[in-house]
Amino acid sequence: MSHATLSPRRSSLRGATLPKWFAWAVAAGSVAAGLGISAAAGLESSIQWALIAAVLFVLGSYAVSAKVEGRRQAKDRTATSLVWVAFLLAVVPLASLMWETVKRGVKVLDGYFLTHSMGVVADTEPGGGIYHAILGTLEQVGLATVISVPVGVLTAIYLVEYGRGRLAKAVTFFVDVMTGIPSIVAGLFILSVWVLMLDMGPSGFAGSMALSILMIPVVVRSTEEMLKLVPNELREASLALGVPKWRTILKVVLPTSIGGITTGVMLAIARITGETAPVLLLVWVTNFINANPFQDPQASLPMYIYLQYQNSGGYGAAYDRAWAAALTLIAFIMILNMVARGIARWKAPKTGR
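Just so it is clear, the structure is predicted and the values come from calculations on it, not from any experiment.

Visitor: Go over the overall build of the chain, please, and point to the residues and values.
Guide: Scanning the chain from terminus to terminus reveals 13 helices and zero strands. Tracing the chain from N to C terminus, the helices and strands come up as α-α-α-α-α-α-α-α-α-α-α-α-α. Relative to the compact-globule value of 20 Å for 353 residues, the chain shows a C-alpha radius of gyration of 29 Å, a clear excess of over 25%. Residue burial in the chain is summarised as follows: out of 353 residues, 37% are buried. Long-range pairs, those at least 24 residues apart, make up 71% of the contacts in the chain between residues at least 6 apart in sequence.

Laid out in structure tokens, this is it:
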């Protein structure tokens, strides 16, 4: 008697998959289709064909993937496609802004522009510079940082390490409220107290106090979150050795979180550097160099940009100076962020042997 031999059927646990270049092919096809549809419909805006291409990219990825790989994998590709589309929607305007600022700002941005003030140069005349505005911004932001960082860091230490009960809840509530305060409100508060009631007059220090109101809640929130990330085991080990709590915070908690705290401070500085409303109310403006932030009006980069653009009418020397000052302000913030990253990496705890 012969017995038939039964061989097991080979089954693959992995279904058909699309090649790695599939997403790029769909993206290229979507762009081409979007351009074609825009040309046929007579659409002139670049935003319109880009949105059409984005919709076609998502729908095309899902349709082809569902046909070849199945609906489950198609849903995954659709989610990935939406993430890429959202990323491009965020990056493209930023890149366009940077390109436009650099293209227009380099026209007059040179050593003379950075080392001279407007002085007696009229807004419609060529020449002049932003030295007085750079000096004013550095002094105003520096004073605001000196005021805000100790207050914000100490407040965060209290909330994380000591804060219990009603006082801690009240502090947290007011920090949350201050986070959403518009800059004009902070400027009006300092204007009413410092300028009108105390009759101190406009100055860079008055603007710094208003900027510190905007900066403190950002420092508190960022520092608080960084302190919460420090493992409790580190605190307990230090306390078990008999180290006082204040010394544990100073020698263990703060060095461990110094990288995140520094980054939060830099974000807060970037938050206030471009503010115009408090400067307009409290600092005013001048075309001359004023190195004393505690007396008389003082220039600043945001106000310089605003006034030069307002007086330019969209063309001329003042228009070019406004773009050059905007490029300088962006470069200033970028330098601050790079310095913050360097300090954070330098002060970060060493984990390797």
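Visitor: I'd like a description of the nonpolar core, backed by residues and values.
Guide: Core analysis: the biggest nonpolar cluster contains 38 residues, and Ile-190, Leu-227 and Leu-282 have the highest contact counts within it. For this core, the secondary-structure elements that each account for two or more residues are α5 (131-162), α7 (183-197), α8 (204-228), α10 (245-273), α11 (277-282) and α13 (317-347). Other than its neighbours up to four places away in sequence, Leu-227 contacts Ala-156, Ile-157, Val-160, Arg-235, Val-253, Leu-254, Ser-257 and Ile-261. Of all hydrophobic cores here, the second largest spans 13 residues; its members include Met-118, Ile-130, Ile-305 and Leu-329.

Visitor: Can you tell me about a nonpolar patch on the surface, naming the residues and giving the values?
Guide: Residues Phe-189, Val-193, Leu-196, Met-197, Leu-198 and Met-200 make up a contiguous nonpolar surface patch of roughly 640 Å² in combined accessible area. Inspection of the secondary structure assignment puts Phe-189 in helix α7. Classification of Phe-189 as partly exposed rests on a relative accessible area of 48%.

Visitor: Help me get a handle on the UniProt feature "transmembrane region" (unreviewed entry) in the chain, residues and values and all.
Guide: Mapped onto this structure's residue numbering, the UniProt feature "transmembrane region" (unreviewed entry) falls at residues 21-41, 47-66, 78-99, 141-160, 172-197, 203-220, 252-272 and 322-344. Note that residues 172-197 is 88% helix and 0% strand, and that its end C-alpha atoms are spaced 29 Å apart. For the annotated span residues 322-344, helix accounts for 100% and strand for 0% of the residues, and the straight-line distance between the end C-alpha atoms is 33 Å.

Visitor: Can you break down the packing of helix α9 (residues 232-240) against α10 residue by residue, with the values?
Guide: At their nearest, the axes of α9 and α10 sit 10 Å apart, and the two run at 145° to each other. For the pair α9 and α10, the sense of crossing is right-handed. Here α9 contributes Leu-234, Arg-235, Ser-238 and Leu-239 to the contact with α10, which in turn contributes Lys-245, Thr-248, Val-252, Val-253 and Thr-256. Considering only residue class, the contact of α9 with α10 consists of four nonpolar, three polar and two charged.

Visitor: Any chance you could break down the domain arrangement of the chain for me, citing the residues and the numbers?
Guide: Note on interface size: it is often stated as the accessible area lost on association of the parts. Annotation of the chain at the domain level lists domain 1 (21-104) and domain 2 (131-346). When each unit is reduced to the centre of its C-alpha atoms, the spacing between domain 1 and domain 2 is 39 Å. Facing the five residues of domain 1 at the interface are six residues of domain 2. Each partner contributes to the roughly 550 Å² buried at the junction of domain 1 and domain 2, and carbon and sulfur atoms together form 79% of this total.

Visitor: How would you explain the confidence of the model for the chain if you had to name every residue and give the values?
Guide: Should the pLDDT be low somewhere, the predicted coordinates at that spot are not to be read in detail. Scored by pLDDT, the chain comes out at a mean of 87, with 94% of its residues at no less than 70. Confidence drops under pLDDT 50 across residues 1-11; counting only partners more than four residues distant or on other chains, this segment forms zero contacts.

Visitor: How would you summarise the packing of α5 against helix α12 (residues 301-312) if you had to cite specific residues and measurements?
Guide: The contact between α5 and α12 brings their axes to 8 Å, and the two run at 140°. The angle between the axes of α5 and α12 places the two elements in the oblique class. Together, His-132, Ala-133, Ile-134 and Thr-137 of α5 and Leu-301, Pro-302 and Tyr-304 of α12 make up the contact between the two elements. In terms of residue class, the contact of α5 with α12 is made up of five nonpolar, two polar and no charged.

Visitor: Any chance you could break down the layout of surface pockets for me, citing the residues and the numbers?
Guide: If you add up the space inside the largest pocket, you get close to 830 Å³. As for the largest pocket, its lining consists of 25 residues, and the residues nearest its centre are Ala-27, Phe-57, Trp-84, Val-85 and Leu-88. Counting only elements with at least two residues in the lining of the largest pocket, the list comes to α1 (22-41), α2 (46-68) and α3 (71-105). At 10 residues, α3 tops the list of elements feeding residues into the lining of the largest pocket. A class-by-class count of the residues in the lining of the largest pocket yields 18 nonpolar, five polar and two charged. Estimated volume of the second largest pocket: approximately 150 Å³. Residue lining of the second largest pocket: Leu-94, Leu-97, Met-98, Thr-101, Ile-305, Trp-323, Ala-326, Leu-329 and Ile-330, and that is the complete set. Those elements giving two or more residues to the lining of the second largest pocket turn out to be α3 and α13. The residue inventory of the lining of the second largest pocket, partitioned by class, reads eight nonpolar, one polar and no charged.

Visitor: Tell me about the UniProt feature "domain: ABC transmembrane type-1" (unreviewed entry) in the chain, and name the residues and values.
Guide: According to UniProt, the feature "domain: ABC transmembrane type-1" (unreviewed entry) maps to residues 134-340 in the numbering used here. The span residues 134-340 is 79% helical and 0% strand by assignment, and the distance between its end C-alpha atoms comes to 20 Å.

Visitor: Can you lay out the side chain of Thr-273 for me, pointing to particular residues and giving the numbers?
Guide: Mapped onto the fold, Thr-273 is located in helix α10. At 2.5 Å, the side chain of Thr-273 and the backbone oxygen of Ile-269 are in polar contact. With sequence-adjacent residues up to four places away left out, Thr-273 is seen in contact with Thr-137, Val-141, Pro-302, Leu-329, Phe-332 and Ile-333.

Visitor: I'd love a proper account of unusual backbone geometry, names of residues and values included.
Guide: The phi torsion at Asp-199 lies on the positive side, around 55°, for a residue other than glycine. If you trace the backbone, Asp-199 turns up in the loop between α7 and α8. Residue class for Asp-199 comes out exposed when judged on its relative accessible area of 64%. The residue Trp-284 is not glycine, and still its phi comes out positive at about 65°. Checked against the element boundaries, Trp-284 lands in the loop between α11 and α12.

What counts and how
- As a convention, each chain's residues are numbered from 1 in the sequence order in which they are written.
- Reporting of local features is limited, given that this is a predicted model, to residues whose pLDDT is at least 70; pairs of side-chain atoms are given and counted only at 80 or more, and all residues count toward the totals for whole chains, interfaces and linings.
- Side-chain measures were taken over the full set of non-hydrogen atoms in the model, leaving aside hydrogen atoms and water.
- Elements are defined by DSSP. Helices are runs of H or I of four residues or more, strands are runs of E of two residues or more, and each kind is numbered from the N terminus.
- Here the radius of gyration uses the C-alpha set of atoms, whereas the globule reference equals 2.2 Å times the residue count to the power 0.38.
- Each residue is assigned to one of three classes by its accessible area relative to the maximum for its type, calculated with a 1.4 Å probe on protein chains only: buried under 20%, partly exposed between the two thresholds, exposed over 50%.
- What makes two residues a contact is simply this: any of their non-hydrogen atoms within 4.5 Å.
- By nonpolar core we mean a set of buried residues, namely Ala, Val, Leu, Ile, Met, Phe, Trp, Tyr and Cys, connected to one another through side-chain atoms within 4.5 Å.
- Patch definition: residues with relative accessible area over 30% and no salt bridge; like charges joined within 9 Å; nonpolar side chains (Val, Leu, Ile, Met, Phe, Trp, Tyr) joined within 5 Å.
- For the area figures, the Shrake-Rupley method with a 1.4 Å probe applies, and any residue is considered shielded solely by the protein chains shown.
- For salt bridges, the criterion is a side-chain nitrogen of Lys or Arg within 4 Å of an Asp or Glu carboxyl oxygen.
- UniProt positions are given in the numbering used here, feature names are shortened, and annotations may be inferred rather than shown by experiment.
- To define axes, lines are fitted to C-alpha atoms, for helices over the stretch in contact only, and angles between the resulting N-to-C directions are given on a 0 to 180 degree scale.
- Note on convention: near helix rotated counterclockwise from far helix by under a right angle means a left-handed crossing. Clockwise means right-handed.
- Each residue gets one of three labels, nonpolar for Ala, Val, Leu, Ile, Met, Phe, Trp, Tyr, Cys and Pro, charged for Asp, Glu, Lys and Arg, and polar for the others, Gly among them.
- Domain start and stop points were drawn from an automatic or database domain assignment.
- Accessible area that two parts lose when put together, evaluated with a 1.4 Å probe and summed over both, is termed the buried area.
- Scored from 0 to 100, pLDDT reflects the predictor's confidence in each residue.
- Note on angle classes: values under 35 degrees are labelled roughly parallel, values over 145 roughly antiparallel, values of 65 to 115 roughly perpendicular, and the remainder oblique.
- As defined here, a cavity is a set of points on a 1 Å grid over the protein atoms alone where a 1.4 Å probe fits but cannot get out. A pocket is an open set with protein on both sides within 12 Å along at least five of seven lines, and residues line them when an atom is within 4 Å of a point.
- Grid points are joined across faces, edges and corners, and a volume is the space filled by probe spheres set on the points.
- Nitrogen and oxygen atoms within 3.5 Å of one another constitute a polar contact, given that in protein one can donate a hydrogen and the other can accept it, and given that sequence-neighbouring residues count only through two side-chain atoms.

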